[in-house]
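Residue-level structure breakdown
These are the residues of each chain, in order.
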Amino acid sequence: MGSIPARDFDVAVIGGGPAGMGAALAAHKTGANVVIIERNDHLGGILRQCIHPGFGLTHFKEELTGPEYAQRFIDQVAQTDIEVMLGSMVLSIDGTSEAPMPGTSDCEAPTCSSRNPREGDTRAGKPTCSVDAHGTTALDATCAEADASELMRTTGHTVRVMTESGMVDVRCRSVVLAMGCRERTRSEIKIPGSRPAGVFTAGLAQRYINIENLRPGHRVVILGSGDIGLIMARRCALEGIEVEGVYELMPYANGLHRNVKNCLEDFDIPLHLSTTVTRVIGRNRVEGVEVTRVDENLAPIPGTERIVACDTLLLSVGLIPENEIACAAGVELDPRTRGARVDQDLQTNVPGIFSCGNVLHVHDLADNVTAEAERAGAAAAAWAAACAEAQGTNTDAEPCAIRVEQADRRASTDSAPIEEQSRTASERTTTPTKHDELRSPLTVEAAGMAGYVVPARISACTNTKLFFRVKRPVGTARIVISSGDEVLFAGKPRSFKPSIMESVPLTRRMIERATGSITLSVDPVEEM
């Protein structure tokens, strides 16, 4: 076997969807040499088949369809010298390809973290690179004592890629994971019954209709009220397909309220809450499904079963981040999000590997994906630049510190209200301030009604934001940020819904007062 050809870049972005393109463009703006690796034959990701409007309201200040939103970024990429590798599948990062098959182990965090961390792991006190809310980037305080040769061992990654012309090793200083997520299938939720044709995930049915111009069926039942399920209910109705109803296991809809209104209520499509599909009926083709009411513990209630005639069952039952390659590379996953555990700069526990978009945690809006990706791209470029500087210095050199100009890094929270009621992807810009690294990173945990929180750790004393979702709807609750017994912040009482990704600023002052860990809790408030 001959040697594998290699290509050298500063930043390698895995995934060419909205997250990947956003990260690549942000990294390129700093002067980094960037490559996008995309397994499909085109950029744009899932947005190519999302022909409904609702995209771009925050980022572009106008309403666009999914393809229009994606095309804006495709055009921007085309105007740069960013290398784009289409039809290229990533096989491994740093020679680790023992990734489990999709749907087998789900890459749970304990399994992923069992591998010994690479030298330079931030948890071991090794150098890290951070970008604060103002665009200031610096290595942590241990950089002054760190041996430059030790840092050099952490600066390079090799991404092995299978292209149409053969294998290529992409050598880079930093990697951005932007692979998106996949849909949960029937086998993963274990619906009993026969295995006839006519059972599709909602995203696959969306592709059949919008891209392939194929009809998935004539009479449809949809299980799950996530946004894609709601949107597909409307899409099927517009195509003349009868939608018998949308069935949801939980006692509330999981999609955005606007989608419940626009996609179901406006088309007189019934939503059946606390009801699930308990059996698929049919031999060669779906002939019907058995639906059953569930109790408060989500267990089927005997005697409530009924048969619904249909020839198609669409599943909108959750999304799973595509983290098999990351898991094999030693990236630690959060069991709640099934995405990477990252710091305030979206860097994973493996130095130089960053994560953003739906592969990190499932977002509600593409605009939010773009904003997060821009942060990851800028941070990855900053890491690459710091590594390049370290490779050109000796052990007596001054601590490595660089500043990266980030035109689209809109992230100041010092002058913003402590809790923004309007969820916007862009943030204000102010004069850069000092960026201090923490000698001992703070862990960030979710509690109360908060289902998860991103980031999972804080390694720099800088203004940042915490992103989270609640476990279930709550009429009146408040955000409480604490460290030990000290309350760092308590928000005003308001309502929360799991369909909405929330955010709250975490200021330098809060971090300075914290010790050991920070807890974000959403606590119900009794109405007077």
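Right, let's walk through the structure included here. Bear in mind the structure is a predicted one, so any value in this text is a computation, not a measurement.

Here we come to the overall build of the protein chain. The number of helices and strands found in the protein chain is 11 helices and 31 strands. In the protein chain, buried positions account for 56% of the 528 residues. Residue pairs in contact within the protein chain that sit at least 24 positions apart in sequence constitute 67% of those at least 6 positions apart. Put simply, the protein chain shows about 22000 Å² of open surface, and 49% of that area lies on carbon and sulfur atoms.

Inspection of every chain in the model, using the stated rule, returns 18 salt bridges. The salt bridge partner of Glu 332 is Arg 341, with a shortest N-O separation of 3.6 Å. Relative accessible area serves as the criterion here: at 22%, Arg 341 is assigned to the partly exposed category. Notably, a salt bridge pairs Arg 508 with Glu 512, separated by 4.0 Å at the nearest N-O pair. One end of the pair is Arg 508 and the other is Glu 512, both in helix α11 (residues 508-513) and 4 residues apart, which spans about a single turn. By relative accessible area, Arg 508 is classed as buried at 16%. Taken together, the salt bridges that share partners define one network made up of Arg 39, Arg 182, Glu 322 and Glu 324.

Our focus in this paragraph is the packing of helix α7 (residues 227-238) against helix α8 (residues 257-264). One way to put it is that α7 packs onto α8 with a least axis distance of 8 Å and a crossing angle of 15 degrees. The orientation of α7 relative to α8 falls into the category roughly parallel. Crossing geometry of α7 relative to α8 is assigned as left-handed. Along the contact surface, α7 presents Asp 227, Leu 230, Ile 231, Ala 233 and Arg 234, while α8 presents Asn 259, Val 260, Asn 262, Cys 263 and Leu 264. Per-class residue counts for the contact of α7 with α8 are 6 nonpolar, 2 polar and 2 charged.

The next thing to look at is helix α10 (residues 366-391). For α10, spanning 26 residues, the distance from its first C-alpha to its last is 37 Å, which sits close to the expected 38 Å at 1.5 Å a residue. Extensive coverage of α10 is indicated by the burial of 22 of its 26 residues.

Within a sheet, each strand pairs with its neighbour through backbone hydrogen bonds, oriented either parallel or antiparallel. Sheet architecture is open: 3 strands sit in the order β16-β17-β18, paired in antiparallel fashion. Either end of the sheet is taken by a strand with one partner, and the two such strands are β16 (275-282) and β18 (306-309). On average, each strand axis in the sheet is inclined to that of its neighbour by 30 degrees, with strand direction left out of account. In the sheet, strand β17 (residues 286-293) pairs with β18 via 4 bridges, with the strands oriented antiparallel. When the bridges of β18 are listed, Val 289 appears paired with Val 308.

Judged by nonpolar contacts, the single largest core of 66 residues is most densely connected at Val 11, Val 159, Val 170, Val 176 and Cys 356. Broken down by element, the residue count for this core peaks at 10 residues, all from α10. Setting aside chain neighbours within four positions, we find Val 170 in contact with Arg 7, Phe 9, Ala 12, Val 35, Ile 37, Met 85, His 157, Thr 158, Val 159 and Val 161. In terms of nonpolar packing, the next biggest core, distinct from the first, is built from 26 residues, Met 510, Ile 511, Ala 514 and Val 522 among them.

For the rest of this paragraph, the subject is a nonpolar patch on the surface. On the surface, Met 89, Leu 91 and Met 162 cluster together into a nonpolar patch covering about 240 Å² of accessible area. In this structure, Leu 91 sits in strand β6 (residues 89-93).

A large share of strand β26 (residues 464-470) lies buried, amounting to 7 of its 7 residues. As paired elements, strand β24 (residues 450-454) and β26 share 4 bridges and run antiparallel to each other. The residue of β26 that forms the bridge with Val 454 is Phe 467. Examined bridge by bridge, β26 and strand β30 (residues 502-506) share 5 bridges and lie antiparallel to one another. Residue pairing for β30: Phe 467 is matched across the bridge by Ser 503.

With that out of the way, let us pick up the pairing of β16. For β16, the tally of buried residues reaches 6 of 8 residues, placing the bulk of the element in the interior. Two elements, β16 and β17, share 7 bridges in a ladder whose sense is antiparallel. Within β17, the position partnered with Ile 281 by the bridge is Gly 288. Between β16 and β17, which follow one another and run antiparallel, lie 3 residues.

With that settled, the discussion passes to the packing of aromatic side chains. Throughout the structure, instances matching the rule amount to 6 aromatic pairs. The interplanar angle of 40 degrees and the centroid separation of 6.2 Å between the aromatic rings of Phe 55 and Tyr 69 together place this pair among those described as tilted. Of this pair, Phe 55 sits in strand β3 (residues 53-55) while Tyr 69 sits in helix α2 (residues 66-78); the two residues are 14 residues apart in sequence, bridging distant segments of the chain. Across this residue pair, the class does not change: Phe 55 and Tyr 69 are buried. Ring centres 5.7 Å apart and planes at 85 degrees place the aromatic pair Phe 200 and Tyr 208 in the edge-to-face group. Residue Phe 200 is classed as buried on the basis of its relative accessible area of 14%. Residue class for Tyr 208 comes out partly exposed when judged on its relative accessible area of 25%. One aromatic cluster is present, built from ring pairs that chain together Phe 55, Phe 60, Tyr 69 and Phe 73. Between Arg 72 and the ring centre of Phe 60, over which it is positioned, the NZ or CZ distance is 5.0 Å.

Rules used throughout
Residues numbered from 1 in each chain as written. Predicted model: local features only at pLDDT ≥ 70, side-chain atom pairs only at ≥ 80, totals over all residues. Heavy atoms only, no water. Helix = DSSP H or I, 4+ residues; strand = E, 2+ residues; numbered from the N terminus. Buried < 20%, exposed > 50% of the residue type's maximum accessible area, 1.4 Å probe, protein only. Contact = heavy atoms within 4.5 Å. Areas by Shrake-Rupley, 256 points an atom, 1.4 Å probe, with all protein chains shown as cover. Salt bridge = Lys/Arg side-chain N within 4 Å of Asp/Glu carboxyl O. Axes fitted to C-alpha atoms, helices over the stretch in contact; angles between N-to-C directions. Parallel < 35°, antiparallel > 145°, perpendicular 65-115°, else oblique. Left-handed = near helix turned anticlockwise from the far one by under 90°. Nonpolar A, V, L, I, M, F, W, Y, C, P; charged D, E, K, R; others polar. Expected span 1.5 Å × (residues − 1). Pairing = 2+ DSSP bridges. Core = buried A, V, L, I, M, F, W, Y, C linked by side-chain atoms within 4.5 Å. Patch = residues over 30% accessible without salt bridge, like charges linked within 9 Å, V, L, I, M, F, W, Y side chains within 5 Å. Phe/Tyr/Trp six-rings, centres within 6.5 Å; stacked < 30°, edge-to-face > 60°. Lys NZ or Arg CZ within 6 Å of the ring centre and 35° of its normal.

Spatial relationships are all this shows, so hold off on functional conclusions.
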